[in-house]
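Breakdown of the fold
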Amino acid sequence: MRIGHGYDVHRLVPDRRLVLCGENVPYERGLLGHSDADVAVHALMDAVLGALALGDIGHLFPDSDLKYKDADSMLLLGEVIGIMREKGFTLGNADITIIAEKPKLAPYIEKMRGNLAAAFGCGVGRISVKATTEEGLGLGGAGIGANAVVLLESIAE
Ligand code: MG
């Protein structure tokens, strides 16, 4: 078994879509980034790559590469899952915490879990998505952060 952790933060700005775990979340602002800035999927990809000791997504999908401009992070996750399988691992479980003062994410959590389970080809019981605020003490309304922890299991022959 291998364990991995990922962490990411993006700034909230006007005139951008807000995409979290592949789900469009209606809000007056969205996350700034080179790709679609899906901060939760970025943390998750870093957790998977971390478990495999393969660096991070900045290394795999560089900002300098125009190919990744406004990229759908769920497609990038698909690439990371492909690497995980090539290395002989499958997802045991993933636990993601999204840190946002606003908007309220509760109505979208089940869809987010479903999106990620579909990407991994696993049951939703292996995917946890949680949301918390920082009681106004952390990022405030300036951005959204995410932590992810994964357990990968070696595919037994
Ligand atoms: Mg990021």
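Residues numbered from 1 in each chain as written. Predicted model: local features only at pLDDT ≥ 70, side-chain atom pairs only at ≥ 80, totals over all residues. Heavy atoms only, no water.

**Notes on the packing of aromatic side chains**
- Counted under the stated rule, the structure contains 1 aromatic pair.
- A ring pair is formed by Phe 61 and Tyr 68, whose centres lie 5.1 Å apart and whose planes are at 70 degrees; its orientation type is edge-to-face. Across this residue pair, the class does not change: Phe 61 and Tyr 68 are buried. (Phe/Tyr/Trp six-rings, centres within 6.5 Å; stacked < 30°, edge-to-face > 60°. Buried < 20%, exposed > 50% of the residue type's maximum accessible area, 1.4 Å probe, protein only.)

**Some remarks on the sheet that holds strand 5 (residues 89-99)**
- The strand order 4-1-7-5-6 describes an open sheet built from 5 strands, whose pairing is mixed. Because the sheet does not close on itself, it has two edges, and the strands there are strand 4 (29-31) and strand 6 (127-132). Strand after strand, the sheet turns through a mean of 20 degrees between neighbouring axes, direction not considered.
- Across 3 bridges, the pairing between strand 1 (residues 2-14) and strand 4 is antiparallel. Paired with Val 13 across the bridge in strand 4 is Gly 30.
- The strands touched by helix 1 (residues 39-51) within the sheet are strand 1, strand 4, strand 5 and strand 7 (143-154), with strand 1 carrying the most contacts at an inclination of about 155 degrees. (Pairing = 2+ DSSP bridges. Helix = DSSP H or I, 4+ residues; strand = E, 2+ residues; numbered from the N terminus. Axes fitted to C-alpha atoms, helices over the stretch in contact; angles between N-to-C directions. Contact = heavy atoms within 4.5 Å.)

**Some words on the coordination of the magnesium ion**
- Around the magnesium ion, the protein supplies Asp 8 (OD), His 10 (NE2) and His 42 (ND1) as donor atoms, at distances of 2.0 to 2.3 Å.
- Mapped onto the sequence, the donors of the magnesium ion take the spacing D-x1-H-x31-H. (Donors = N, O, S within 2.8 Å, 3.2 Å for Na, K, Ca; no water.)

**Some points on helix 4 (residues 109-120)**
- Relative to the 16 Å expected for 12 residues at 1.5 Å per residue, helix 4 spans 17 Å between its end C-alpha atoms, a close match to the ideal helical length.
- Those residues of helix 4 lying buried are Ile 109, Met 112, Arg 113, Leu 116, Ala 117 and Phe 120. Buried residues along helix 4 cover an arc of 130 degrees about the axis, so they all sit on one side. Along helix 4, the residues that are exposed and aim more than 90 degrees away from the buried face are Glu 110, Lys 111 and Ala 118.
- Those residues of helix 4 that are buried lie in contact with strand 2 (19-20), strand 3 (23-24), helix 1, helix 3 (73-86), strand 5 and strand 6.
- Gly 121 occupies a position one or two residues after helix 4 and carries a positive phi of about 65 degrees. (Expected span 1.5 Å × (residues − 1). Arc of directions from axis to C-beta.)

**Notes on the nonpolar core**
- Formed by 50 residues in total, the largest nonpolar core has its most connected members in Leu 20, Ile 98, Met 112, Leu 116 and Phe 120.
- At 10 residues, helix 1 tops the list of elements feeding residues into this core.
- Contacts of Leu 116, omitting those with residues within four sequence positions, involve Cys 21, Val 41, Leu 44, Met 74, Leu 77, Ile 96, Ile 127 and Val 129. (Core = buried A, V, L, I, M, F, W, Y, C linked by side-chain atoms within 4.5 Å.)

On their own, these measurements won't tell you what the molecule is for.
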